[in-house]
Amino acid sequence: MGLTWKKRFKSTVNVTVCDNNDTAIRLIEENCSLNNVCTRTTPFCSAERTRPTYYYKGANSNCEAEAKENQSHEKDSRVNGAADAAIEVLHTDANIILHQRGFDFVHLDPYGSAVNFLDATFRNTRNGGIVTVTATDISSLFGKCPQVTLRNYCSFNLKTEYVKETAARILISAVVRAAAKCNKGIEVLVTAALEHFVFVAVKIHRGAKFADMCVNKIQEVLHCQICEERVFLPDSHAPLENAYLLLPCDCHKEKPGKTAVKLGPLW
């Protein structure tokens with residue numbers, strides 16, 4: 001996605017791509033070279049105050065000359081807020097960069113679950129910024145591994161006819177909780193749940209008021225295992241005497257035993 005943005009908007013935006021894997025860094029540089037985009041690679045550096053050594057790579061001599069010129073004016077560009085012509089490639093943990101810098105747009109696409117990066121993402125992402133999350137841990141989101149779902153998302157899911165929707169709502173609930181820790185709320189822009197991943201795009205709204213509004217939308221769902229009717233359980237401090245009455249079906253009267261289970265909490 002970073003390469004797409006740089007190809008489309010060129011020097012009007014600053015693009016930073018971060019990965020902690022040597023092979024991934026090499027592939028990023030190769031893809032940028034194939035698309036005639038300069039890269040400014042920063043070796044592993046645990047603190048931003050330590051000035052790293054930059055390595056510029058480009059597809060041609062003009063790109064290298066432009067990159068060297070950008071290096072000489074790096075300090076002035078940071079002060080004046082000018083955009084860099086090259087993609088900044090950081091070989092470090094994404095949590096470090098997200099804690100140290102503020103971004104207007106953050107795209108998380110890790111291998112597996114993205115919950116390890118959510119707290120750092122919402123710490124410095126600016127008000128009105130966009131955060132997109134791609135989660136590929138479908139075994140936990142789709143309820144195939146209940147213990148992993150509980151450990152990563154503090155939630156419970158089952159294989160139902162709307163399991164993809166439930167998975168997306170569970171991911172959004174994790175995003176809401178991470179944003180609320182920083183007194184930020186979210187506005188869901190796009191959601192997509194397919195066979196191999198769940199994608200969510202949200203807009204950030206700063207303030208405890210927005211955070212409380214979003215947290216209050218996280219509720220449990222009562223799911224009927226017979227006809228798969230469902231309903232959100234009301235937020236009540238007192239226990240419900242007969243939660244089955246909330247369901248629009250009469251399966252609990254016709255079938256013996258426990259006919260409904262709780263899913264979630266989810267957004």
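Just above sits the structure.
Note that this is a predicted model, so its numbers are computed, not measured.

What exactly am I supposed to notice about unusual backbone geometry here?
Excluding glycine, residues mostly have negative phi values, and the peptide bonds linking residues are mostly trans. With an omega of 5 degrees, the peptide bond between G264 and P265 qualifies as cis. Within the chain, C154 stands out as a residue other than glycine whose phi angle is a positive 55 degrees. Along the chain, the position of C154 falls in the loop between helix 8 (146–153) and helix 9 (163–180).

Looking at this model, I keep getting lost on the sheet that holds strand 10 (residues 230–232). Mind explaining?
Strand pairing in a sheet takes place through backbone hydrogen bonds and is either antiparallel or parallel in direction. Taken together, the three strands give an open sheet; going across it, the order is 10-9-11, and neighbouring strands pair in antiparallel fashion. Unpaired on one side and paired on the other, strand 10 and strand 11 (260–266) mark the two borders of the sheet. Across the sheet, the mean angle separating the axes of adjacent strands is 25 degrees when strand polarity is ignored. Pairing analysis gives three bridges linking strand 9 (residues 219–224) to strand 10, with the strands arranged antiparallel. In the strand pairing of strand 10, H223 is matched with R230.

Just checking my understanding: could you explain the pairing of strand 7 (residues 184–193) for this structure?
When a strand is regular, its side chains alternate between the sheet's two faces. With nine bridges joining them, strand 7 and strand 8 (residues 198–206) adopt antiparallel strand pairing. Its bridge partner lying in strand 8, V190 is registered against A201. Between strand 7 and the antiparallel strand that follows it, strand 8, lie four residues.

Would you take a moment to explain a nonpolar patch on the surface for this structure?
A contiguous nonpolar patch, built from M1, W5 and F9 and spanning about 270 Å² of accessible area, is present on the exposed surface. Within the secondary structure, F9 is located in helix 1 (residues 2–9).

Honestly, the nonpolar core in this entry has me stumped. Any pointers?
Taken as a class, soluble globular proteins show a tendency for nonpolar side chains to be buried jointly. Among the nonpolar cores identified, the biggest contains 43 residues, and L118, F122, V133, L141, Y153, L171 and I186 are the most heavily contacted of them. Among the elements that take part in this core, helix 9 stands out by supplying eleven residues, more than any other. Once residues within four sequence positions are removed from consideration, F122 is found in contact with V131, V175, A178, A179, C182, K184, I186, V202 and I204. Counting eight residues, the second-largest nonpolar core is a separate cluster that includes I28, C32, V37 and V89.

What's the story with the packing of aromatic side chains in this structure? I'm lost.
Scanning the model with the defined rule gives two aromatic pairs in all. Between the aromatic rings of W5 and F9, the centroid separation amounts to 5.3 Å while the plane-to-plane angle is 50 degrees, which identifies the pairing as tilted. Linking W5 with F9, this pair stays in helix 1, spanning four residues, or about one helical turn. By relative accessible area, W5 is classed as partly exposed at 31%. Taking the centre distance of 4.8 Å and the plane angle of 35 degrees together, the rings of W5 and F105 count as tilted. Of this pair, W5 sits in helix 1 while F105 sits in strand 5 (residues 105–108), placing them 100 residues apart in sequence. F105 gets classed as partly exposed once you look at its relative accessible area, which sits at 29%.

What is the right way to look at the pairing of strand 6 (residues 130–135) in this model?
The buried count for strand 6 comes to six of six residues, which makes it a mostly enclosed element. Alternating positions in strand 6 separate into two faces, I130, T132 and T134 on one and V131, V133 and A135 on the other, with burial throughout. In this sheet, strand 6 lies alongside strand 5 in parallel orientation, the contact comprising four bridges. Pairing of F105 across the sheet is with I130, part of strand 6. The β-α-β motif built from strand 5, the intervening helix 6 (residues 115–124) and the parallel element strand 6 has right-handed crossover chirality. Relative to strand 8, strand 6 runs antiparallel, the two being bridged by six bridges. Within strand 8, the position partnered with T134 by the bridge is F199.

Criteria and cut-off values
- Residues numbered from 1 in each chain as written.
- Predicted model: local features only at pLDDT ≥ 70, side-chain atom pairs only at ≥ 80, totals over all residues.
- Heavy atoms only, no water.
- Helix = DSSP H or I, 4+ residues; strand = E, 2+ residues; numbered from the N terminus.
- Pairing = 2+ DSSP bridges.
- Axes fitted to C-alpha atoms, helices over the stretch in contact; angles between N-to-C directions.
- Patch = residues over 30% accessible without salt bridge, like charges linked within 9 Å, V, L, I, M, F, W, Y side chains within 5 Å.
- Areas by Shrake-Rupley, 256 points an atom, 1.4 Å probe, with all protein chains shown as cover.
- Salt bridge = Lys/Arg side-chain N within 4 Å of Asp/Glu carboxyl O.
- Core = buried A, V, L, I, M, F, W, Y, C linked by side-chain atoms within 4.5 Å.
- Buried < 20%, exposed > 50% of the residue type's maximum accessible area, 1.4 Å probe, protein only.
- Contact = heavy atoms within 4.5 Å.
- Phe/Tyr/Trp six-rings, centres within 6.5 Å; stacked < 30°, edge-to-face > 60°.
- Right-handed = clockwise from strand over helix to strand, strands pointing away.

Take it as geometry only, folks, not as evidence of what the structure does.
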